[in-house]
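Reading the structure
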Amino acid sequence: MPFSDLGHRSCQPDVIAREDRYCPLLVWTIQTSGSWEAFQRKGVLRADGRRVWREFRPAYRWLMDQMAKRIPSYGGGYPVWFWLRRPDLRRRAHLPSGERGVRIELEIPRERVLLFDFESWHCALNRWHLSLTWREDRDWDRRTASLDNRTDLPPELELELRRSWERMFDLPLLRRS
């Protein structure tokens with residue numbers, strides 16, 4: 001949706017934090033040269049999950065389930081990563097070492113985007129509890145310390161762990177904690 005279709009609405013970051021569905025988001029993504037060429041040909045960016053490490057696939061499946069719950073138009077598939085701040089191509093970790101990439105700037109309708117805190121995503125990725133306080137973190141550690149393997153939690157703890165990850169979508173809550 002181009003800005004001209006929106007009239008004179010202000011789309012400042014505080015509006016985004018309130019999840020204003022009328023403001024498109026200006027976002028950036030870093031993609032391989034091959035992805036850029038495919039995007040130019042097809043007009044669509046798609047992720048296929050080939051670069052997702054096997055041990056991270058359960059977290060990606062959880063994220064895709066969240067996308068299905070929170071994005072009405074989500075049609076399945078792996079997420080394409082976008083940034084609300086323009087990323088620096090010179091920084092490592094965007095692409096494998098030595099691989100050339102391009103930074104693409106796009107305007108995307110807000111209702112097609114699932115915003116969350118990237119640092120908090122690492123809790124789901126690594127199966128850590130997303131605690132909001134030191135006390136909550138210590139309590140979780142105390143209750144799970146006796147378990148031999150924290151990847152096979154009892155059902156009630158697994159549910160609590162997954163619910164804690166949902167906090168990554170509550171940006172005002174994370175800012176207050």
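Since the structure is predicted, the reported quantities are computational estimates derived from the model, not experimental observations. (Residues numbered from 1 in each chain as written. Predicted model: local features only at pLDDT ≥ 70, side-chain atom pairs only at ≥ 80, totals over all residues. Heavy atoms only, no water.)

Among the nonpolar cores identified, the biggest contains 24 residues, and Leu-63, Trp-121, Trp-165 and Met-168 are the most heavily contacted of them. At the level of secondary structure, the elements contributing two or more residues to this core comprise helix H3 (57-70), helix H4 (118-126) and helix H6 (155-165). If you tally residues by element for this core, the top one is H3, at six residues. In this view, Leu-63 contacts Pro-79, Trp-81, Leu-114, Phe-116, Trp-121 and Phe-169; residues no more than four positions away in its chain are not counted. Among the nonpolar cores identified, the runner-up in size contains nine residues, and Val-27, Leu-45, Leu-106 and Ile-108 belong to it. (Core = buried A, V, L, I, M, F, W, Y, C linked by side-chain atoms within 4.5 Å. Buried < 20%, exposed > 50% of the residue type's maximum accessible area, 1.4 Å probe, protein only. Helix = DSSP H or I, 4+ residues; strand = E, 2+ residues; numbered from the N terminus. Contact = heavy atoms within 4.5 Å.)

This paragraph deals with the packing of H3 against H4. It is the contact of H3 with H4, at a shortest axis distance of 7 Å, that shows an interaxial angle of 120°. Regarding the angle of H3 to H4, the classification is oblique. The segment H3 lies against H4, with Ala-59, Tyr-60, Trp-62 and Leu-63 engaging Trp-121, Ala-124 and Leu-125. Considered class by class, the residues forming the contact of H3 with H4 number seven nonpolar, no polar and no charged. (Axes fitted to C-alpha atoms, helices over the stretch in contact; angles between N-to-C directions. Parallel < 35°, antiparallel > 145°, perpendicular 65-115°, else oblique. Nonpolar A, V, L, I, M, F, W, Y, C, P; charged D, E, K, R; others polar.)

In this section: the packing of aromatic side chains. Under the defined criterion, the tally for this structure stands at 13 aromatic pairs. Relative to Phe-56, the ring of Trp-53 has its centre 5.6 Å away and its plane inclined at 15°; by these criteria the two rings are stacked. A relative accessible area of 54% places Trp-53 in the exposed class. An aromatic cluster is present here, built from Tyr-60, Trp-62, Tyr-78, Trp-81, Trp-83, Phe-116, Phe-118, Trp-121, Trp-165 and Phe-169 joined pairwise through their rings. (Phe/Tyr/Trp six-rings, centres within 6.5 Å; stacked < 30°, edge-to-face > 60°.)

Further remarks concern the environment of Arg-86. Tracing the backbone shows Arg-86 in the loop between H3 and strand E2 (101-108). Overall, Arg-86 belongs to the exposed group, its relative accessible area being 56%. Each C-alpha atom, one on Arg-86 and one on Val-27, is 7.4 Å from the other, the two residues being 59 residues apart in sequence. With near-sequence residues (within four places) excluded, Arg-86 lies in contact with Trp-28 and Arg-103.

A few words on the side chain of Ser-131. Checked against the element boundaries, Ser-131 lands in the loop between H4 and helix H5 (134-144). Here the side chain of Ser-131 touches His-129 through a polar contact of 2.8 Å, side chain to side chain. If sequence neighbours within four positions are ignored, Ser-131 has contacts with Glu-136, Asp-137 and Arg-167. (Polar contact = N/O pair within 3.5 Å; in protein donor to acceptor, adjacent residues only side chain to side chain.)

A separate point is H6. Buried within H6 we find Leu-157, Glu-158, Leu-161, Ser-164 and Trp-165. Buried residues of H6 fall within an arc of 125° about the axis and therefore sit on the same side. For H6, the exposed residues lying more than 90 degrees away from the buried face are Pro-155, Glu-156 and Arg-163. (Arc of directions from axis to C-beta.)

Okay, a positive patch on the surface next. Residues Arg-41, Lys-42, Arg-46 and Arg-112 make up a contiguous surface patch of positive charge. Tracing the sequence through the fold places Arg-41 in helix H2 (residues 33-42). (Patch = residues over 30% accessible without salt bridge, like charges linked within 9 Å, V, L, I, M, F, W, Y side chains within 5 Å. Areas by Shrake-Rupley, 256 points an atom, 1.4 Å probe, with all protein chains shown as cover. Salt bridge = Lys/Arg side-chain N within 4 Å of Asp/Glu carboxyl O. Lys, Arg positive; Asp, Glu negative; His and termini not counted. Charge placed at Lys NZ, Arg CZ, Asp CG, Glu CD.)

At a minimum axis distance of 12 Å, the contact between H5 and H6 shows a crossing angle of 155°. In terms of their interaxial angle, H5 and H6 are classed as roughly antiparallel. Crossing angle aside, the handedness with which H5 passes H6 is left-handed. Here H5 contributes Trp-140, Arg-143 and Thr-144 to the contact with H6, which in turn contributes Leu-157, Glu-160 and Leu-161. Residues that form the contact of H5 with H6 fall into these classes: three nonpolar, one polar and two charged. (Left-handed = near helix turned anticlockwise from the far one by under 90°.)

Treat this as a map of the structure, not an account of what it does.
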